[in-house]
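Residues per chain, in single letters:
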Amino acid sequence: MRVIAMSQQDCTELLERVSIGRLACALDNQPYVVPVGFVYEGPNHVYVFSTLGKKIEWMRQNPKVCLQADEVSNRSNWNSVVVNGTYLELAEPQYSSQKQHAIERLGEFSQWWKTPLSERREASDDLSIEPVFFRIDISEVTGLRAQPE
Ligand SMILES: Cc1cc2nc3c(=O)[nH]c(=O)nc-3n(C[C@H](O)[C@H](O)[C@H](O)COP(=O)(O)OP(=O)(O)OC[C@H]3O[C@@H](n4cnc5c(N)ncnc54)[C@H](O)[C@@H]3O)c2cc1C
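Being a predicted model, the structure only gives us computed values, none of them experimental.

Turning to the overall build of the chain, a few remarks are in order. Check the secondary structure of the chain and you find 4 helices and 8 strands. Mapped in sequence order, the helices and strands of the chain form the string β-α-β-β-β-β-α-β-β-α-α-β. A burial count over the chain gives 39% of its 149 residues as buried. For the chain, the share of sequence-separated contacts (at least 6 apart) that also reach a separation of at least 24 residues comes to 69%. Total accessible area on the chain stands at roughly 8500 Å², and carbon and sulfur atoms take up 49% of it.

Dropping the structure here:
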């Protein structure tokens, strides 16, 4: 197997094909990683929906984040892209138009956030819980590819 760097073009194409990644944030020297659905809008933005919880609370305090996405055929044949960036919560009214844009872009895949949202509302008995839409403002994208010899 050999591992080689992916070009920026190849990284872009992977981020356009793949819609699930792992979002990392950190607080007080403790990393936290969860899978999320995302939409890449190159070259500068990634959009994500979230319910309110630990990752949102952490990113509000430390907006430096990292998103990793991959396509894995097997252990010696894979592509992996790492995106570094900054969390920007698309809060109303300041970011109304950007939030609407995020909803439209994420809605191209599905409106699946309605399910976890209603589950959260049911579990906590709090109907005021709103979904959080956020954007990652990208600062760096790198990619590695493994190929069988
Ligand atoms: C394929 C896939 C796609 C997903 N897409 C999205 C998405 O687009 N948006 C979104 O908000 N969520 C998505 N999720 C769920 C997401 O991974 C989190 O579980 C969820 O968002 C709750 O995260 P939170 O930080 O708010 O956790 P909280 O609800 O605050 O959870 C508290 C605790 O639960 C544990 N926990 C939370 N999530 C996980 C997990 N996934 N695995 C193991 N332990 C966990 C953590 O240890 C944490 O301390 C997706 C999950 C999968 C598997």
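Right, let's talk about helix 1 (residues 8-17) for a bit. Listed as buried for helix 1 are Cys11, Leu14 and Leu15. The arc that holds every buried residue of helix 1, seen down its axis, measures 95°, which confines them to one face. Where the residues of helix 1 are buried, they touch strand 4 (39-41), strand 6 (64-74), strand 7 (77-89) and strand 8 (132-147).

Next up on the list: unusual backbone geometry. Residues glycine 42 and proline 43 are joined by a peptide bond in cis, for which omega reads 0°. In this fold, proline 43 is placed in the loop between strand 4 and strand 5 (45-50). Between glutamate 92 and proline 93 the backbone carries a cis peptide bond, its omega angle lying at -5°.

Together, Met1, Val3 and Leu144 give the surface a local cluster of nonpolar side chains, amounting to about 270 Å² of exposed area. The topology assignment puts methionine 1 in the segment before strand 1 (2-5).

Turning to the pattern of salt bridges, a few remarks are in order. For the structure on display, the rule yields 8 salt bridges. A salt bridge links lysine 99 to glutamate 92, with the nearest nitrogen and oxygen atoms 3.4 Å apart. Each of the salt bridges in this network shares a partner with another, and the network as a whole consists of Glu41, Arg105 and Glu108.

All right, on to the side chain of histidine 45 then. Counting through the fold element by element, histidine 45 comes out in strand 5. Within polar-contact distance, the side chain of histidine 45 engages the side chain of aspartate 137 at 3.5 Å. Not counting chain neighbours up to four residues away, the residues in contact with histidine 45 comprise Val39, Tyr40, Arg135, Ile136, Asp137 and Ile138.

With that out of the way, let us pick up the packing of aromatic side chains. Inspection of the entire model under this criterion finds 3 aromatic pairs. A ring pair is formed by phenylalanine 49 and phenylalanine 133, whose centres lie 5.7 Å apart and whose planes are at 55°; its orientation type is tilted. One end of the pair, phenylalanine 49, is in strand 5; the other, phenylalanine 133, is in strand 8, and 84 residues separate them in sequence.

The next thing to look at is the environment of phenylalanine 109. If you trace the backbone, phenylalanine 109 turns up in the loop between helix 3 (96-107) and helix 4 (114-124). Among the residues examined, phenylalanine 109 registers a relative accessible area of 49% and is labelled partly exposed. Leaving out residues up to four positions away in the same chain, phenylalanine 109 has contacts with Ser19 and Val39.

The sheet contact formed by strand 2 (residues 20-27) and strand 6 spans 3 bridges and is antiparallel. Looking across to strand 6, one finds that leucine 23 is bridged to leucine 67. Here strand 6 runs beside strand 7; their pairing, made up of 10 bridges, is antiparallel. Looking at the pairing, asparagine 74 lines up with asparagine 77 of strand 7. Where strand 6 folds back onto strand 7 in an antiparallel hairpin, the turn is made up of 2 residues.

Parameters at a glance
Residues numbered from 1 in each chain as written. Predicted model: local features only at pLDDT ≥ 70, side-chain atom pairs only at ≥ 80, totals over all residues. Heavy atoms only, no water. Helix = DSSP H or I, 4+ residues; strand = E, 2+ residues; numbered from the N terminus. Buried < 20%, exposed > 50% of the residue type's maximum accessible area, 1.4 Å probe, protein only. Contact = heavy atoms within 4.5 Å. Areas by Shrake-Rupley, 256 points an atom, 1.4 Å probe, with all protein chains shown as cover. Arc of directions from axis to C-beta. Patch = residues over 30% accessible without salt bridge, like charges linked within 9 Å, V, L, I, M, F, W, Y side chains within 5 Å. Salt bridge = Lys/Arg side-chain N within 4 Å of Asp/Glu carboxyl O. Polar contact = N/O pair within 3.5 Å; in protein donor to acceptor, adjacent residues only side chain to side chain. Phe/Tyr/Trp six-rings, centres within 6.5 Å; stacked < 30°, edge-to-face > 60°. Pairing = 2+ DSSP bridges.

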